Amino acid sequence: QVQLAESGGGLVQAGGSLKLSCAASGRSLSDYNMAWFRQGSGKEREFVAGIGWRGRPTTYSASIEGRFTISRVTAENLLYLQMNDLKPSDTAVYYCAAYQAYRDLDVRRLEGDYDFWGQGTQVTVSS
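Treat the numbers as computed from the prediction; the structure is a model and nothing was measured.

Here is what the cut-offs are and how they apply
- Residues numbered from 1 in each chain as written.
- Predicted model: local features only at pLDDT ≥ 70, side-chain atom pairs only at ≥ 80, totals over all residues.
- Heavy atoms only, no water.
- Salt bridge = Lys/Arg side-chain N within 4 Å of Asp/Glu carboxyl O.
- Buried < 20%, exposed > 50% of the residue type's maximum accessible area, 1.4 Å probe, protein only.
- Helix = DSSP H or I, 4+ residues; strand = E, 2+ residues; numbered from the N terminus.
- Pairing = 2+ DSSP bridges.
- Axes fitted to C-alpha atoms, helices over the stretch in contact; angles between N-to-C directions.

Student: Help me understand the pattern of salt bridges in this model?
Tutor: Two side chains bearing opposite charge may form a pair once their charged atoms approach each other closely. Per the stated rule, a full pass over the model turns up six salt bridges. Note that Glu 65 and Arg 67 form a salt bridge whose closest N and O atoms lie 3.8 Å from each other. Residue Arg 67 is classed as buried on the basis of its relative accessible area, which comes to 9%. The partner of Asp 90 in a salt bridge is Arg 67, with the nearest N and O atoms 2.7 Å apart. One end of the pair, Asp 90, is in the loop between strand S8 (78-83) and strand S9 (92-100); the other, Arg 67, is in the loop between strand S6 (58-60) and strand S7 (68-73), with 23 residues separating them in the sequence. Among the ionic contacts, a cluster of salt bridges with common partners joins Arg 38, Glu 46, Glu 65, Arg 67, Lys 87 and Asp 90.

Student: Quick question: what am I supposed to make of the sheet that holds S7 here?
Tutor: Working definition: the strands of a sheet are paired by backbone hydrogen bonds and lie parallel or antiparallel to each other. Read from one edge of the open sheet, four strands run S1-S3-S8-S7, paired in antiparallel fashion. The two strands at the open ends of the sheet, each matched to only one other strand, are strand S1 (3-7) and S7. Between one strand axis and the next, the sheet turns through 15 degrees on average, direction left out of account. The pairing of S7 with S8 spans six bridges and is classified as antiparallel. If you follow Phe 68 over to S8, its bridge partner there is Met 83.

Written out as structure tokens, the structure is:
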């Protein structure tokens, strides 16, 4: 069984930065593609960024407008999301997720493609 746990959320002013972390336990995620999703109040969960098991490829939602960077340290089962120039519209609960891929030529973007989820970490951006 794979367990994921996010951390690093908090309250920041617009224009600030946060770095989210996701730690995995239960088994090695060396064969798993991973991603960040988010869900704002009253909105559907949306894909933010994804990454293959070797750190490539990476793919991003257009909604983050080039402000975020996803990365991972596979040997330590860690996933990161560096968020810069945050906006109030970025306020949401952020989730990390994973699925076993066996290949990393592409990364899926749909919620239903992912098998394992964390409980989320709240990011709040004030004006």
